[in-house]
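Architecture and fold: a report
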Amino acid sequence: MSRTTATASTFGLALALVVLVLAGCSTEKDAFLNRTFHRLTTRDNGWFNANTKLDERVAEMEKAYEFDFDEVLPIFIVGSEEDAKAMVPDMEKCIEKCSTVIDRHNMEIAGKQKNVWIDDSYFVIGKAHFYKRSYFDAERTFDYIGRRFKGEDRQAEARLWLARTYIEGQQYAKAQSVLDEVKNMKELPKRFPHDHLSAVQADLDLRRGKVDDAIVSLERAATIAEAKSDRVRWSFILAQLYQVKGQEDKAVAQYQKVARMNPPYEMGFHAQIFEVLAFDRGSSDALRKRLRRMLKDEKHVDHFDMIHYALADLDLKENKDSAAIVELKTSCRVSTTDTRQKAKSFLRLADLYFDDRVYPAAQAYYDSTVSLIDEEHKRFEEVSTRAEVLGELVEQLNIIAREDSLQAFAQLDPKEQEKQIRRMIKERERAEEEKKAQEAESRELTTNPTPDAPKPGGGGSTGGDKGNWYFYNPQQVSRGAAEFKKKWGNRPLEDNWRRKDKGGSLTSESPEEGGEEAAEGSDGKEGGKEAGDEPWKDPASYMKDVPSDTAALAASNAKVCSALYVAGTIYKEKLRDIDNAIESFEVLNNRFEDCRYTPESHYQLYRIYLDKERTGNFFDLEGKGSKYYADIIIERWPDSEFARLVKDPALLMNDEKNRQQEEAAYEALYREHRNGNHLQVITGCNTVLANEPANHLRAKYQLLKAMAVGGLHQPDAFRAALTEVVTLYAGTDEAKAAADILAALDKQAAGTKVSEATAEPEGYQFEEGTHQVLLIYPTSAGSVDQAKARISDFCAQVMRGEKIDVTSSLLDDQQRLVVLSSFPSSEKAMELIGLFQAERSKLRGINDKGYPLFAITPGNFALLFKSKDVEGYRAFFLERYVTGKK
């Protein structure tokens, strides 16, 4: 009887429990049991797992993030586009988990949310969208939290993240409005991150260029920061901002403060180095002592180059230029894997030599700098231009030095000539032996690499058979690559890449070219030849260029004359180095009574002194002003163009003004080409070529048009455009450049089976009348709705009074079509395309990504949508709309 009673009691309890659970499952009853059940389930089943996964992935991304200490560090670490793509799968899981619990446990009763974890779940969804760079979705989520959950814990923090989202989308006014809203709230939750509020304000101020305001906000953020990583990073950024504003004392003190905060190794090391770079007064002895001590610590071995750079900076501040150059060369020599620092050292050396007008050395270092920096570097164009210009100058100086050496050698008696040739061969043999020894040592190290000594705190060998062979050891491979780049820079993979002169010559370069790290080099034997077959072993080969008769001497003098004149014009026009220009032209005039460039040289001197006299600061102490050279020109070449210009200088001024305007217009269009706006460039070139027959840059415009056509990735059209340059402007530098590109294309085609050019899809026809503009927008680029909104705003601004509809549709799982319609003619559609490509701010992230952009008729649009053949229509568009073959 008792057993039956117990069984019934147990069953009753179980039944009651089931009833209670079922009753608690309801989301429509505001009862304690219901609230408790849904809150616990939301927190423990969905939100906790999603929030933990989100925090873990963000922490992993932040840990892997590599700071660029040459720039002001980011206040918040959001990662790169690649990081965002890698986080997408985990972020989607977080979104899915939180969306599920919101759907199942939402307890909105009488307009009020009874489940306190729902806003937290939305908050995780918003952050997940933010970190995968779906900013439009993040913006909607954070805005919803702020409007829907007023007075809840997450409302204010969601507004803070909404401001961060606006900042990433460059909507700075909206971001400031949201931040002001948060600051004006009467009461903020207890756990509200006040440090992040100040940091977000600082981030916004920095993005808007308000450095002073950013400093004020960041000072507060660093003071109250809760996380040590934030406090250290924000303190470091403060020091950088002080340095930017020229507040060196504050910067030094702040860097010292960061170093005492036990920061991560890289940040602590850079704090010590940047303290030195910010130092600008007093005794540098203590800093030098610390840097020398750091050079003795093996844990800094990969940063020895930076330490020597800091020592060079101290030397320069104390006007010890020679000592600074030694330190900078040492920095280049000891560099291992830090190519950024090596580029900085190269560039500092190049600037020093350039300022001192030591142009050959400056050219070598600028050239080496270009091989290490990318096109995004703030000085890339300047450094590239200087390397190119100085390369032209050094080429002329080398011609002069070479011909002078050959002429001097020709004046020696035969016995002395033979003696010098034997000496040069012996020096070459000694250099070859040293090179062979170095190569043998390198091969030995490659075959039997010495294990790296463990760094302090590091482990020993990783073990395993793979570590015994060089190419199974990633450390050895990377170190080998670093050693190669350290010595040679980024060099092409080709045979005999180290030598300029593979044979023997009186003027062939020595194995160590100039002794400069920036231009190091030595030669080995040519592949497959025995030592006895080397041309430099043959004494007769050293006489091949010696001017041994009158005709050869005249040819040599002609080369010198030309080189002196070209060098003078480079000094004058490109380097603005008037003193060296005068010297070059005067040497030409004094050395050659009547060579090819004697009249031009006199006219150049006339122009130089005329410009000097116009400044009012020139005093003619030697009787060689503009009148001196004008009289010579009129007397010796009375019927020349130079005499006409000397008699009437106004002619030159008008010509010069027109040339300057034409050059400015060309430079502007060339910048568009560099920015990737190929269609706009082609249109601009066509306009000049059609309407300006006297433009002195027509050949350049023709070549620029060809290069822009090449940027559209249509090989046949590119070849046709290059051939047109060669045909129309034969004999010019532009025609030669086009011919070289065609030869390279032919060589590439000879080694690779080239597929047939994309055939024009059957049915595409060019018709006048109604057109649309079509943008191919990849689905991986994020929300198309946000892109449509920005494009619509842009069209409303540039096409006032005309209604442009912006719609989208799915082409395939990888691409969307953004359609702008409609336009009354192809000209109107192409006009919008030109404006679209030229826009610099409103369409950033859309028009600078190289997405295909076409004008298209409704009929052709239907064919394209059916065939999905974007490349096919691209070819049709290029031929019929761009090159004008309608």
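On a predicted model such as this, the values are computed, not experimentally measured, just so you know.

For the protein, the count of helices and strands is 34 helices and six strands. Across the protein, every contact between residues at least 6 apart in sequence was considered, and the portion connecting residues at least 24 apart equals 64%. Accessible surface computed for the protein: about 48000 Å², of which carbon and sulfur atoms make up 50%.

On to the pattern of salt bridges. Considering all chains together, one arrives at 49 salt bridges under this definition. Ionic pairing is found between Arg288 and Glu318, a salt bridge with its closest N-O pair at 3.0 Å. Highlighted residues: Arg288 in helix H13 (residues 285-295) and Glu318 in the loop between helix H14 (304-317) and helix H15 (321-334), separated in sequence by 30 residues. Using a relative accessible area of 28% as the deciding quantity, one classes Glu318 as partly exposed. The closest approach of N and O atoms between Asp579 and Arg357, which form a salt bridge, is 3.5 Å. Of this pair, Asp579 sits in helix H22 (residues 578-591) while Arg357 sits in the loop between helix H16 (339-355) and helix H17 (359-370); the two residues are 222 residues apart in sequence, bridging distant segments of the chain. Overall, the relative accessible area of 41% leaves Arg357 in the partly exposed class. Residues joined by salt bridges that share partners form a network here, namely Asp143, Arg147, Arg159 and Glu181.

Quick look at the state of the cysteines now. Taken as a whole and assessed by the stated rule, the structure comprises one disulfide. The disulfide that involves Cys561 links it to Cys595, with 2.0 Å between the sulfurs. Here the disulfide of Cys561 and Cys595 is right-handed, its torsion about the S-S bond being about 55°. Remark: Cys595 occurs in the loop between H22 and helix H23 (598-615) and Cys561 occurs in helix H21 (residues 550-574); sequence separation between them is 34 residues. You can call Cys595 buried: its relative accessible area is 15%.

It is the contact of H15 with H16, at a shortest axis distance of 9 Å, that shows an interaxial angle of 150°. It follows from the interaxial angle that H15 and H16 lie roughly antiparallel. By crossing handedness, the relation of H15 to H16 is classed as left-handed. From H15, Ile325, Leu328, Lys329, Ser331 and Cys332 reach across to H16, where they touch Gln341, Lys342, Ser345, Phe346, Arg348, Leu349, Leu352 and Tyr353. For the contact of H15 with H16, the class distribution of residues is seven nonpolar, three polar and three charged.

Further remarks concern the side chain of Gln254. As for its position among the elements, Gln254 is in helix H11 (residues 248-259). Classification of Gln254 as buried rests on a relative accessible area of 9%. Apart from the residues within four sequence positions on either side, Gln254 is in contact with Ser235, Leu238, Ala239 and Tyr242.

What follows concerns the pairing of strand S4 (residues 805-810). Bridge analysis of S4 against strand S5 (residues 815-823) gives six bridges, and the strand direction is antiparallel. Paired with Leu810 across the strands is Arg816, a residue of S5. The hairpin formed by S4 and S5 contains four residues between the paired strands.

Taken N-terminus to C-terminus, the directions of H22 and H23 make an angle of 145°; their axes are 9 Å apart at the nearest point. H23 is crossed by H22, and the crossing has left-handed handedness. Judged by residue contacts, Ile578, Ala581, Ile582, Phe585, Glu586, Leu588 and Asn589 of H22 engage Thr598, Ser601, His602, Gln604, Leu605, Ile608, Tyr609 and Lys612 from H23.

In this model, helix H7 (residues 172-183) (twelve residues) spans 16 Å end to end at C-alpha, consistent with the 16 Å of a helix rising 1.5 Å per residue. On its buried face, H7 sits against helix H6 (153-168) and helix H8 (194-207).

Here we come to the nonpolar core. One broad rule of soluble globular proteins: the nonpolar side chains tend to lie buried together. Core analysis: the biggest nonpolar cluster contains 85 residues, and Tyr131, Phe142, Leu218, Trp234, Phe236, Ile273 and Leu291 have the highest contact counts within it. When residues no more than four places from it in sequence are discounted, the contact partners of Phe142 are Phe123, Gly126, Lys127, Phe130, Ala158, Trp161, Leu162 and Thr165. Membership of the second largest hydrophobic core comes to 59 residues, among which are Leu393, Ile582, Phe592 and Trp637.

Moving on, we get to a negative patch on the surface. On the surface, Asp374, Glu375, Glu376 and Glu381 cluster together to form a negatively charged patch. When its relative accessible area of 45% is taken as the criterion, Glu381 is described as partly exposed.

A few words now on the pairing of S5. In this sheet, S5 lies alongside strand S3 (residues 771-778) in antiparallel orientation, the contact comprising eight bridges. When the sheet's bridge partners are listed, Tyr777 is paired in S5 with Arg816.

Before going further, it helps to examine the sheet that holds S3. On the basis of which strands lie adjacent, the open sheet formed by four strands has the order S4-S5-S3-S6 and antiparallel pairing. This sheet does not close on itself; its edge strands, each paired only once, are S4 and strand S6 (853-856). Direction aside, the axes of adjacent strands within the sheet are offset by 25° on average.

Now for the confidence of the model for the protein. Note: predicted coordinates in regions of low pLDDT should not be interpreted at a detailed level. Chain-level pLDDT for the protein is 80 on average; 79% of the residues reach the 70-or-more range. Of the regions scoring below 50 in pLDDT, residues 519-532 engages in 35 contacts with residues more than four places distant in sequence or in other chains. A low-confidence stretch, residues 753-761 (pLDDT under 50), is modelled with ten contacts involving residues beyond four sequence positions or located in other chains.

For H14, built from 14 residues, the straight-helix expectation of 20 Å at 1.5 Å per residue is met to within 8% by its first-to-last C-alpha distance of 20 Å. When you tally the buried positions in H14, you get 13 out of 14 residues, the bulk of the element. One or two positions beyond H14, positive phi appears at Asn319, with a value near 60°.

Across the junction of Ser821 and Ser822, the peptide omega takes the value -5°, indicating a cis bond. Relative to the helices and strands, Ser822 is located in strand S5. In this structure, Asn262 is a non-glycine residue whose phi angle is positive, near 50°. Examined against the element boundaries, Asn262 turns out to sit in the loop between H11 and helix H12 (265-278). With relative accessibility at 59%, the residue Asn262 sits in the exposed group. A positive phi angle, close to 65°, is found at Arg357, a residue other than glycine.

For the rest of this paragraph, the subject is the environment of Ala158. Structurally, Ala158 can be placed in helix H6. Using a relative accessible area of 0% as the deciding quantity, one classes Ala158 as buried. Sequence separation between Ala158 and Thr141 is 17 residues; the distance between their C-alpha atoms is 8.6 Å. Residues within four places of Ala158 in sequence aside, it is in contact with Phe123, Phe142, Ile145 and Gly146.

Conventions used here
Residues numbered from 1 in each chain as written. Predicted model: local features only at pLDDT ≥ 70, side-chain atom pairs only at ≥ 80, totals over all residues. Heavy atoms only, no water. Helix = DSSP H or I, 4+ residues; strand = E, 2+ residues; numbered from the N terminus. Contact = heavy atoms within 4.5 Å. Areas by Shrake-Rupley, 256 points an atom, 1.4 Å probe, with all protein chains shown as cover. Salt bridge = Lys/Arg side-chain N within 4 Å of Asp/Glu carboxyl O. Buried < 20%, exposed > 50% of the residue type's maximum accessible area, 1.4 Å probe, protein only. Disulfide = S-S within 2.5 Å. Axes fitted to C-alpha atoms, helices over the stretch in contact; angles between N-to-C directions. Parallel < 35°, antiparallel > 145°, perpendicular 65-115°, else oblique. Left-handed = near helix turned anticlockwise from the far one by under 90°. Nonpolar A, V, L, I, M, F, W, Y, C, P; charged D, E, K, R; others polar. Pairing = 2+ DSSP bridges. Expected span 1.5 Å × (residues − 1). Core = buried A, V, L, I, M, F, W, Y, C linked by side-chain atoms within 4.5 Å. Patch = residues over 30% accessible without salt bridge, like charges linked within 9 Å, V, L, I, M, F, W, Y side chains within 5 Å. Lys, Arg positive; Asp, Glu negative; His and termini not counted. Charge placed at Lys NZ, Arg CZ, Asp CG, Glu CD. pLDDT = per-residue confidence, 0-100.

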